[in-house]
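Inside the fold
Below are the chains, spelled out letter by letter.
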Amino acid sequence: MINFKETNFSGKRVVMRVDFNVPLNAEFQVTDDTRIEGAKATIAKVLKEGGSVVLMSHLGRPKGGPENKYSMKHVIPALQVYFPDVKINFADDCISEAAFNMSSTLKNGEILLLENLRFYPEEEKGNPDFAKKLSQHGDIYINDAFGTAHREHASTATIAKYFDKDHKGFGYLMAAEVENATKVLHDSVSPVTAIVGGAKVSDKIQLLERLIDSMDNILIGGGMAYTFIAAQGGKIGKSLFEPDYTDLALKIIAKAKANNTTIYLPGDSIIADAFSADAASNVVASDNIPDGWMGLDIGPVATDVYSNVIKASKTILWNGPMGVFEFEKFANGTFSVAKAVAEATDKGAFSLIGGGDSVSAINKSGLESRVSYVSTGGGAMLEFLEGKELPGIKAVKE
Ligand code: AMP
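These remarks concern the structure in this document.

1. Focus on the overall build of the protein
Along the backbone of the protein there are 14 helices and 17 strands. Over its C-alpha atoms the protein spans a radius of gyration of 23 Å, differing by no more than 12% from the 21 Å that the globule rule assigns to 398 residues. With the C-alpha coordinates of the protein rotated into their principal frame, the extents come out at 70 × 45 × 35 Å. Scored against the burial criterion, the 398 residues of the protein give a buried share of 55%. Put simply, 73% of the contacts in the protein that link residues at least 6 apart link residues at least 24 apart. Per element, the accessible surface of the protein, about 16700 Å² overall, is 48% carbon and sulfur.

2. Points about the layout of surface pockets
In this structure, the largest pocket spans a volume of roughly 670 Å³. Around the largest pocket, the lining is made up of 29 residues, and of these D19, R35, T376, G377 and G378 lie nearest the centre. When contributions to the lining of the largest pocket are tallied by element, the ones reaching two or more residues are helix 1 (34-48), helix 12 (356-365) and helix 13 (378-385). By residue number, the principal contributor to the lining of the largest pocket is helix 12, which donates four residues. Taken together, the residues of the lining of the largest pocket break down into four nonpolar, 17 polar and eight charged. Two domains each donate at least three residues to the lining of the largest pocket, and these are domain 1 (4-170) and domain 2 (177-385).

3. Quick notes on the environment of V54
By the element assignment, V54 lies in strand 2 (residues 52-56). As for V54 and V14, which are separated by 40 residues in sequence, their C-alpha atoms are 6.1 Å apart. When residues no more than four places from it in sequence are discounted, the contact partners of V54 are R13, V14, V15, M16, S103, L106, L112, L114 and H137.

4. A closer look at the sheet that holds strand 7 (residues 192-196)
Here six strands make up an open sheet; going across it, the order is 10-8-7-15-16-17 and the pairing parallel. Across the chains shown, the open sheet's two edge strands, defined by having one partner strand only, are strand 10 (262-264) and strand 17 (373-374). Relative to strand 8 (residues 217-220), strand 7 is paired through four bridges, and the arrangement is parallel. Considered in strand 8, the bridge of A194 is made with I218. Along the sheet face, helix 6 (residues 172-186) touches strand 7, strand 15 (315-319), strand 16 (350-353) and strand 17 and points at about 120° away from the line of strand 16.

5. So, the pattern of salt bridges
Side chains that differ in charge, positive against negative, can pair when their charged atoms come close. Taken as a whole and assessed by the stated rule, the structure comprises 10 salt bridges. Here D19 and R35 are joined by a salt bridge, their closest N and O atoms 3.4 Å apart. In this pair, D19 sits in the loop between strand 1 (13-17) and helix 1 while R35 sits in helix 1, placing the two residues 16 residues apart along the sequence. Among the salt bridges present, the one from K311 reaches E343, with a minimum N-O distance of 3.5 Å. Taken together, the positions of K311 in helix 10 (residues 300-311) and E343 in helix 11 (residues 332-346) put the pair 32 residues apart, joining distant regions of the chain. Linked through salt bridges whose partners overlap, the residues forming this network are K311, K339 and E343.

6. Some remarks on the site of the ligand
If you check the shell around the ligand, you find 16 residues, and the closest are A199, G223, G295, E326 and D357. Within the contact set of the ligand, an oxygen atom lies 3.4 Å away from a side-chain nitrogen or oxygen of D357. Notes on the ligand: free accessible area 510 Å², of which the protein chains cover 81%. One can see that the ligand is located within the second largest pocket.

So, how was this worked out
Residues numbered from 1 in each chain as written. Predicted model: local features only at pLDDT ≥ 70, side-chain atom pairs only at ≥ 80, totals over all residues. Heavy atoms only, no water. Helix = DSSP H or I, 4+ residues; strand = E, 2+ residues; numbered from the N terminus. Rg over C-alpha atoms; globule rule 2.2 N^0.38 Å. Buried < 20%, exposed > 50% of the residue type's maximum accessible area, 1.4 Å probe, protein only. Contact = heavy atoms within 4.5 Å. Areas by Shrake-Rupley, 256 points an atom, 1.4 Å probe, with all protein chains shown as cover. 1 Å grid on protein atoms, 1.4 Å probe; cavity = no way out; pocket = protein on both sides within 12 Å on 5 of 7 lines; lining within 4 Å. Points joined across faces, edges and corners; volume = space filled by probe spheres on them. Nonpolar A, V, L, I, M, F, W, Y, C, P; charged D, E, K, R; others polar. Domains from an automatic or database assignment. Pairing = 2+ DSSP bridges. Axes fitted to C-alpha atoms, helices over the stretch in contact; angles between N-to-C directions. Salt bridge = Lys/Arg side-chain N within 4 Å of Asp/Glu carboxyl O. Near = heavy atom within 4 Å. Polar contact = N/O pair within 3.5 Å; in protein donor to acceptor, adjacent residues only side chain to side chain. Sits in = over half its atoms within 2 Å of the grid points.

Listed below in structure tokens is the structure:
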């Protein structure tokens, strides 16, 4: 595998997998360009050194054929903002003869953007013939699409077979994601604290099991907390509950104890009489929730306890909200945790916000610039933290 930073791309044509799966509004304008900005430095390095870049990505979930609403062409104006002086060419089919004509005559300093890879079902199937065709768009393959690294698709994994080790590597974004996650898991300064929340225990069991090995503290919040509380005999009303996971929850508590990892569950909860923004609410002990009520946020005492643990930590990982933060009334736990993470970071802690809804929570709180690293890869980051080898990473390393 090449060292991207140390490679000079003068005169080289790079076929680069990026994650431009960005949200579009009804006018097909990009409403959040974080992922484009994420790939900017990687693209810019190749262009600046006198190379050219063939960009490939998927967008949305097309049903296996071209659909205007998922066309990659909608991304061009947002990409142009970051490369105002660069010519961006567009191929309206990623493997047509016209596309290969465009890539083979691409001038140094220019970009060619290929049409949505998922207009071909072969992409998600990891089809070798399709991957081989894509590989012919460049001399060097660079994967900078961390957000899809957990998928074994043609452009994220299979394609790497068609390049030898001196002609493939990771871009800056991919390298940063891996480096930061590795720092939290294997190269951390104690006390190390993980904050794990979100809706379901079933989604986070593997993460929790794995984190016990590397964390001093695990703060559990969100809907998943109630399966733990019920497993210990608590009364949780109609809070989220996964009865099939009570044994595993108890096992995790026992494993943590044996490993000197402290697991925190919220002592109190903000409860609601319905799952809605304007439900009636109250504060009660999390193991004594009345029938017909559900816990939708950690309570004020738990919020204090969690904030203090976070502020005393030197390394912090956050995955998943503490409550239904989409409803203002039940957002306090999540935003207080965000604030505590920012304060700890101000004092020198290293903090990684990894995975889905905690990323949108930190952005919504406006504190994203006060944490060390916000991951761009929801599912991919979760799988990486679970200790799985991501196919997109493995393929390039082989
Ligand atoms: P996840 O994708 O697993 O991180 O889950 C995030 C979702 O969990 C968010 O949409 C939250 O609204 C939801 N959530 C968090 N806490 C609760 C709760 N106590 N009850 C129901 N849903 C919750």
